[in-house]
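Coordinates in review
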Amino acid sequence: MMQEAYNILEKVFGYTQFRSPQDEVVNSLVAGQDVFVLMPTGGGKSLCYQIPALIRPGVGVVISPLIALMQDQVSALCEVGVRAACMNSSMPPGHNAEVENLVRKGELDLVYIAPERLMLPSTLEWLSSVSVSLFAIDEAHCVAQWGHDFRSEYLQLSILQERFPAVPRIALTATADAKTQEEIVARLGLQQAAVYISGFDRPNIQYRITQKVKARQQLLSFIQQEHLTDAGVVYCMSRNKVDSTAKWLSEQGIKALPYHAGLSKEERQQNQERFLREESVVIVATIAFGMGIDKPDVRFVAHLDLPKSIEAYYQETGRAGRDGLPSTAWMAYGLEDVIKLKQMMAGSEANEQFKRIEQRKLDSMLGLAEITSCRRQTLMNYFGEALKEPCGNCDNCLTPVKTWNGTDAARKALSCVYRTGQRFGVVHLINVLRGKMTDKVSQFNHHQVTTFGIGEDLSDTQWRSVYRQLVARGYLSVNFDHGQLFLNDKCRAVLRGEEEVEFRLDPVVKKQSSRSSRE
Ligand code: ADP
Ligand code: ZN
């Protein structure tokens, strides 16, 4: 059986070897087992069902939501002599009936069908009357509400298991964190499926997340010291920040160009082309940049703002080093990022369930930013792919992080929030802790509260670090009006002295001398 698979791989597709785990997937599927495959884009998911469809008797049915891509796939297959066709609403009249006929006569190996077409009673009827070798459910994350691309038509695909219990099914996706995976398995009834997760690790990318002190300056020194003649992408959250950062970097002698949806089409195109064509161009962009841009030698991706989820972070940093050569994913992150994102989410108009999902995704991202152990292990773990050893190529592996027992500091910081009425931001809270007589302190009589001046042992920066970690780890909540901090259930144990808190000791980031910014 495997010999047959190798023959097809070579004779039909022209490849000499399977990529791991294509061979195992093919094996399972040919044997009639359900399979769930997670591989990044470009990993080689198509062969996983195309080859079994050629080996097993009957027609292989591929369900795909992307009508535009269907025709490309079919054309490519026909070119190598595979008998394939597609059925969807954009086809001329008569076409779909003709496909049905060819399948009845056993003259097609693969049929690509849009989910809404598949669910028509007439289509299901027709499929029941012919021999089906397998069902391949492409872009399977579309069935998950926890995912980012939910499509209600996909929910009905659970019917396949009931109507065609003897036909093996394979679900494939490139974007699925552990939670999405669970949902796909549950909704498509894949509890018995063999699961293959592979290829998410990008060992040539060095992951680094540093504390924000003067973010722009830090970015500039990062570029100057490590990537001065390289192409790179700098991601910012807002258009304004893109514009100002690109301008500032240019003034410092970096060939930096802006890219966001607010620019004219011509300007966007021009900047994109320069990025692709010229050497050492840095694109400063919102997340609008990157879709469909295939430049293999991007040497760094930098984030000046925190992405909203690990998926986003992984996807954006993944644009570095497609050629496999050493590249850097660098991010500067600070207290304001956490507060701003939490505030935005708390204030969004979305429904409660959606908000809860967004919130949990952000919390995972914050976890990655705060973690003191290997970043790559955490990242891979999020996608369900285990990495046995620490990677040796992330900041935490390269420079192990020290921690300190912050139980006492945490208690002081939380008490201060409570004593001042849970309606102030971090700057004021730190002033109270450090006993500074500001106008605001005297206006609210906060020199009278018991926490006034109890925090003189730590600096402003250290207190900011304490508050950042308390918010990031969910001990403090953020109000969406003005980002005021308030207590929640999780912090009670700390306040009562029942829980110890271990903090990351943020390395002291040296401020740049003004000289280097002049040059
Ligand atoms: P995905 O669907 O996971 O994004 P594809 O199935 O489109 O990936 O495959 C990506 C590319 O890799 C294609 O150009 C494909 O021809 C190529 N490819 C897939 N499997 C192999 C293999 N075993 N050997 C060589 N090239 C392969
Ligand atoms: Zn590591």
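Note that the coordinates shown come from a computational prediction; the quantities given were computed from them, not determined experimentally.

Looking at ligand 1, there are 13 residues lining it, with Y15, G43, G44, K45 and S46 nearest. Its residues placed into classes, the shell around ligand 1 shows four nonpolar, seven polar and two charged.

Strands sit in the order 8-13-12-9-11-10 across an open sheet of six strands; the sheet is parallel. In this open sheet, the two strands that pair with only one neighbour each are strand 8 (205-211) and strand 10 (256-259). Within this sheet the neighbouring strands show an average axis-to-axis angle of 20°, counted without direction. Pairing of strand 12 (residues 298-303) with strand 13 (residues 327-333), which is carried by four bridges, proceeds in the parallel orientation. From the neighbouring strand, A302 faces strand 13, where its bridge partner is W330. Sheet strands in contact with helix 13 (residues 265-277) are strand 9 (231-235), strand 10 and strand 11 (282-285), and its direction is about 135° off that of strand 10.

Every buried residue belonging to helix 2 (residues 22-30) is among Q22, V25, V26, S28, L29 and V30, and all of these are buried. The positive-phi residue at the C-terminal boundary of helix 2 is G32, with phi of around 95°.

Close contact between helix 2 and helix 3 (residues 46-55) brings their axes to 9 Å; oriented N to C, the two are set at 40°. When the interaxial angle is binned, helix 2 and helix 3 end up oblique. Seen along the crossing, helix 2 lies across helix 3 with a hand that is right-handed. Together, Q22, V25, V26, L29 and V30 of helix 2 and L47, C48, Y49, I51, P52 and I55 of helix 3 make up the contact between the two elements.

Moving on: the nonpolar core. The tendency in soluble globular proteins is for nonpolar side chains to be buried side by side. Membership of the largest hydrophobic core comes to 82 residues, with the highest contact counts inside it found for V234, I283, V284, A413 and L429. Excluding residues within four positions of it along the chain, I283 makes contact with V233, L257, Y259, N271, F275 and F289. L110, I137, Y154 and L160 belong to the second-largest nonpolar core, a separate cluster that totals 61 residues.

Attention now moves to the confidence of the model for the protein chain. Looking at the protein chain, the pLDDT average stands at 92 and 97% of residues meet or exceed 70. Counting interchain partners and residues more than four positions distant, the pLDDT-below-50 stretch residues 511-519 has nine contacts. Reported confidence for the predicted complex is 0.98 by ipTM and 0.83 by pTM.

Each neighbour pair has its own omega, and for S20 with P21 the value is 0°, a cis peptide bond. Locating P21 in the fold gives a position in the loop between helix 1 (2-11) and helix 2. For E139, which is not glycine, the phi dihedral falls at a positive 50°. Counting through the fold element by element, E139 comes out in the loop between strand 5 (132-137) and helix 8 (152-155). Residue classification places E139 among the buried residues on the basis of 22 C-beta atoms within 10 Å. Although it is not a glycine, N445 adopts a positive phi angle of roughly 60°. By the secondary structure assignment, N445 is in the loop between helix 21 (439-443) and helix 22 (460-472).

Each value, and the rule that gives it
- Residues numbered from 1 in each chain as written.
- Chains lettered and ligands numbered in written order.
- Predicted model: local features only at pLDDT ≥ 70, side-chain atom pairs only at ≥ 80, totals over all residues.
- Near = placed C-beta within 6 Å.
- Nonpolar A, V, L, I, M, F, W, Y, C, P; charged D, E, K, R; others polar.
- Pairing = 2+ DSSP bridges.
- Helix = DSSP H or I, 4+ residues; strand = E, 2+ residues; numbered from the N terminus.
- Axes fitted to C-alpha atoms, helices over the stretch in contact; angles between N-to-C directions.
- Contact = placed C-beta atoms within 7 Å.
- Buried ≥ 20, exposed ≤ 12 C-beta atoms within 10 Å, placed from the backbone.
- Parallel < 35°, antiparallel > 145°, perpendicular 65-115°, else oblique.
- Left-handed = near helix turned anticlockwise from the far one by under 90°.
- Core = buried A, V, L, I, M, F, W, Y, C linked by C-beta atoms within 7 Å.
- pLDDT = per-residue confidence, 0-100.

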